[in-house]
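For reference, the chains in residue letters:
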Amino acid sequence: MTTFPELLRELRLQAGLSLAELAQRVHYGRSTLHNLESGYRPATLEVAERADEALGAGGRLLAAWSQEDQARRAAAATHRVRASALAMSQDLTALAELDIADLQDGVEATAVDYLGTPPGPMMNRAHALRGEAFDRLRSGHVRPGDRADLYLAAGRLSGVLAYALLDLGDPEEAHAHATAAGRCAEYAGDAELAAWVAGTKSLISRFQGDYGRALEYVRDGYQWVGSGHGTGEARLRCGEAQCLANLGDSRAANVALDGAELARERMRRGDSIGGLFGFSRAKQSYYAGSSLIWLDGGHDAERAAREATAAIELWESGPAAERSLDDERLAHIYLATALVQLDDVEAAADAIRPVLSLPPEEQISWIVKRALRVAGMLSAPRYAGNATAAETAEAIRDLAA
């Protein structure tokens, strides 16, 4: 849709008016109108109404202004929630007492719902639950025997916020929430959450491209695993594989993925909570595919394609509550990447096609970032003249825009 600044300029030029002439008609300064047309500052309702009338827009300018004003208000509300949530995480990092009794059901539901819900609403819900916890803490209504469980709930809610902020493209805020989650895991004495936090901090560093630091987080996390309880070790080994692949070590990356398979076989007990805090068989295949696409193709690309395909099939055929929609979409992108590395452009276009019609609110930062890499690969000189490559690259760039 045409933006308010674009429409204002278009209608002014169609009317044959200069900025100074329109300024006289709407009783605003020329420089003010220039800033509005350039998008340097938002228009007020009054100037939108006057410009709509002066240019005979029939309500078109008002409609464009209204839509952008609603978007600005929503962005401001989200910013306020993020700022408040970040402040709370910073407080949690140094907090010595936390009462979150009776919140376990809400935490577990949030962890499961995160897999199929955009990060914005999940951020709001996790922040609201943590706000309730803080209210109880400040009221002093904390039973001494509940302390570990309360810290555990607080840590998981902080973990949800870490994921939400990372999916929204802000790794710095995500790290602050992950740090709070780690502190809560320490106070709760919960090794399972501590291992999950280490893996999440590694994920944040991988998002930032700091694979050396990401590898340190993974290896530090191994101190919390080894008892066969939960999928923490499998998740950490897959994270190690992603680091090693991005550092160009194919052999070590494949060894780490094989180690993840062995860790899953050694499990004697499942995760104590599912959803965001679980690591399903589908997620493990997804991690394997997303690791090996950073190597030089060949056997690595073949394994990446197999693993990404397996992840997609497992999610499509599995229970709806365990279906991670964002990861499933990313698996399509990783499959397409591997197929381009194998020079199968037609199959790559088919693989990424389900992602190209996503509405803006479902385009998490990872999707845009990874899809643009595919577009860059398809724009290489070797594919000059390949209509499928050109059309797919253009569709990806339209999605990102």
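All residue numbers refer to positions counted from 1 along the written sequence of the respective chain. Note on the predicted model: pLDDT of at least 70 is required for a residue's local features to be given, and 80 or more for side-chain atom pairs to be given and counted; whole-chain, interface and lining totals, by contrast, use all residues. Side-chain figures throughout are based on the complete set of non-hydrogen atoms in the structure, without hydrogens or water.

S.K.: Help me out: how do you make sense of the side chain of D167 in this one?
M.R.: Secondary structure elements are defined from DSSP: runs of H or I of at least 4 residues count as helices, runs of E of at least 2 residues count as strands, and each element is numbered from the N terminus. Turning to its location among the elements, D167 is positioned in helix α8 (residues 147-167). Here D167 is buried and forms no salt bridge, its nearest opposite-charge partner K283 lying at an N-O distance of 8.7 Å. By the criterion applied in these results, polar contacts are pairs of N or O atoms within 3.5 Å in which, for protein atoms, one can donate a hydrogen and the other can accept it, and in which residues neighboring in sequence qualify only through two side-chain atoms. Side-chain polar atoms of D167 contact the side chain of Y114, separated by 2.7 Å. By definition in these notes, contact holds between two residues if any of their heavy atoms fall within 4.5 Å. Setting aside residues no more than four positions away along its own chain, D167 makes contact with Y114, P119, I364, S365 and W366. Each residue gets one of three labels from its accessible area relative to the maximum for its type: buried under 20%, exposed over 50%, partly exposed in between, using a 1.4 Å probe on protein chains only. Two residue types count as positive, namely Lys and Arg, and two as negative, namely Asp and Glu; His and chain ends fall outside the count. For this document, the term salt bridge refers to a Lys or Arg side-chain nitrogen within 4 Å of an Asp or Glu carboxyl oxygen.

S.K.: It is not clear to me how the layout of surface pockets should be interpreted in this structure. Could you clarify?
M.R.: The method is simple in principle: a probe with the dimensions of a water molecule rolls over the atoms, and the space it marks as empty is what remains. Space inside and on the surface of the protein is sampled on a 1 Å grid over the protein atoms alone, with a cavity defined as a set of points where a 1.4 Å probe fits but cannot get out and a pocket as an open set with protein on both sides within 12 Å along at least 5 of 7 lines; lining residues have an atom within 4 Å of a point. Grid points are joined across faces, edges and corners, and a volume is the space filled by probe spheres set on the points. Of the voids in this model, the second largest pocket is the one considered here, and its volume is about 330 Å³. Looking at the second largest pocket, it is lined by 28 residues, and the ones nearest its centre are E192, H229, G230, T231 and G232. Residue assignment for the lining of the second largest pocket shows that the elements contributing at least two residues are α10 (191-207), α12 (232-246) and α13 (250-266). At 5 residues, the largest contribution of residues to the lining of the second largest pocket is made by α10. Here the nonpolar group is Ala, Val, Leu, Ile, Met, Phe, Trp, Tyr, Cys and Pro; Asp, Glu, Lys and Arg are the charged ones; every other residue, Gly included, is treated as polar. Its residues assigned to classes, the lining of the second largest pocket shows 11 nonpolar, 8 polar and 9 charged.

S.K.: Just checking my understanding: could you explain the nonpolar core for this structure?
M.R.: Across soluble globular proteins, you tend to see nonpolar side chains buried next to one another. In these notes, a set of buried Ala, Val, Leu, Ile, Met, Phe, Trp, Tyr and Cys residues joined through side-chain atoms within 4.5 Å is what counts as a nonpolar core. Counting residues in each nonpolar core, the largest one holds 93 residues, and the members touching the most others are F277, Y286, L330, I333 and I352. Here this core takes 12 residues from α8, the largest share from any one element. In this structure F277 touches A111, R156, V160, L193, W196 and D271, once residues within four positions along its chain are discounted. With 20 residues, the next largest nonpolar core counts V26, A48, A57 and L61 among its residues.

S.K.: Explanation requested: helix α4 (residues 45-54) in the structure shown.
M.R.: Of all the positions in α4, only V47, A48, A51 and D52 are classed as buried. Buried residues of α4, viewed axially, fall in a sector of 135°; they line one side. Positioned one or two residues after α4, G56 has a phi angle of 60°, which is positive. For this quantity, the arc is that covered by the directions from the helix axis to the C-beta atoms.

S.K.: I keep staring at empty space enclosed by the protein and nothing clicks. Help me out?
M.R.: Applying the stated rule across the entire model yields 2 cavities of 30 Å³ or more. If you add up the space inside the largest cavity, you get close to 340 Å³. Contributing to the lining of the largest cavity are 24 residues, with L203, Y286, D327, L330 and W366 lying nearest its centre. The set of elements that each furnish at least two residues to the lining of the largest cavity consists of α8, α10, α12, α14 (281-292), α16 (325-341) and α18 (365-378). Counting residues per element, the lining of the largest cavity draws most heavily on α14, which supplies 5 residues. The residue makeup of the lining of the largest cavity, split by class, is 13 nonpolar, 5 polar and 6 charged.

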